[in-house]
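# Inside the fold
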Amino acid sequence: MAERVTGAGREVGPAGPGGVRKPPLRPGGYDPADYAPQVARCAAEAGVSPLLVMTVLHNEAYKPHHPLLERLWQWWKPGASFGLANMHRATFERVRRTHGLSKRWRDLREDPAFAIQAAALHLRDLDRTLPERHVRRYTRDELLALGYNTGERNMRAFARGVPPGPMARSYLRRFRTHRDRAARALAARADDGLAAVPPVERSR
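The model shown is predicted, which means the values in this text are computed figures rather than measured ones.

A word on a nonpolar patch on the surface. A surface patch of nonpolar side chains, about 240 Å² in accessible area, is lined by L25, L68 and L72. Tracing the backbone shows L72 in helix 3 (residues 67–76). The partly exposed category is assigned to L72, whose relative accessible area is 49%.

Remark: helix 1 (residues 36–46) packs on helix 9 (residues 166–189), axes separated minimally by 9 Å, with the N-to-C direction vectors making an angle of 95°. If you check the angle between helix 1 and helix 9, you find them roughly perpendicular. Contacts from A36, P37 and V39 in helix 1 reach A185, L186 and R189 in helix 9. Its residues assigned to classes, the contact of helix 1 with helix 9 comprises 5 nonpolar, no polar and 1 charged.

Per-residue confidence for the protein gives a mean pLDDT of 84; residues scoring 70 or more make up 82%. Within the model, the stretch residues 1–9 combines pLDDT values under 50 with 15 contacts to residues more than four positions away or in other chains. Within the model, the stretch residues 194–204 combines pLDDT values under 50 with 29 contacts to residues more than four positions away or in other chains.

One way to put it is that helix 2 (residues 50–59) packs onto helix 6 (residues 112–129) with a least axis distance of 10 Å and a crossing angle of 120°. One way to sum up the angle between helix 2 and helix 6 is to call them oblique. The crossing of helix 2 and helix 6 is right-handed. Two secondary-structure elements touch here, helix 2 through L52, V53, V56 and L57 and helix 6 through I116, A120 and L123. A per-class count over the contact of helix 2 with helix 6 returns 7 nonpolar, no polar and no charged.

Rules of the game
Residues numbered from 1 in each chain as written. Predicted model: local features only at pLDDT ≥ 70, side-chain atom pairs only at ≥ 80, totals over all residues. Heavy atoms only, no water. Patch = residues over 30% accessible without salt bridge, like charges linked within 9 Å, V, L, I, M, F, W, Y side chains within 5 Å. Areas by Shrake-Rupley, 256 points an atom, 1.4 Å probe, with all protein chains shown as cover. Salt bridge = Lys/Arg side-chain N within 4 Å of Asp/Glu carboxyl O. Helix = DSSP H or I, 4+ residues; strand = E, 2+ residues; numbered from the N terminus. Buried < 20%, exposed > 50% of the residue type's maximum accessible area, 1.4 Å probe, protein only. Axes fitted to C-alpha atoms, helices over the stretch in contact; angles between N-to-C directions. Parallel < 35°, antiparallel > 145°, perpendicular 65-115°, else oblique. Contact = heavy atoms within 4.5 Å. Nonpolar A, V, L, I, M, F, W, Y, C, P; charged D, E, K, R; others polar. pLDDT = per-residue confidence, 0-100. Left-handed = near helix turned anticlockwise from the far one by under 90°.

Shown next as structure tokens:
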């Protein structure tokens, strides 16, 4: 099925599993805001902030996320990450084992709702390991975003006051920049059609 173009001029991809549309094939046509209902649903079920999840999606929107393009990306770079939230295989396998998910890593590129669910569950796992008390220069969500980007061990070090490196600082700057945009996306779209969003996979 070919992509169609919305009235706003942005492509809308064909429906994937569960009726959730895939990102468009054309680079630059993807907007995380299109997945606000799925973000709201998955964040609520994982027990994390939907604003945190949506802002992470905005941070991870730097490359095209269409399944075909991700396959080509993996051919060029075998260790590439998959899905709307750019999850690496080792991270996904931990989430899959912890939460008893039946789908596999390759499903992240084919099923946007599943990719969002996996990201939300990973953020919940990070939240459980983050100490309640941390340096004041970061909010809890900022530390969780840094943990998503750099790993749990680094996140805990940043919470103690260890300064992040250049790549982590860049990720944090983009996270802060995208925060308002993510909030507007949720406010504008999370309520529209939320009841029609199919349920995500339940943990066994």
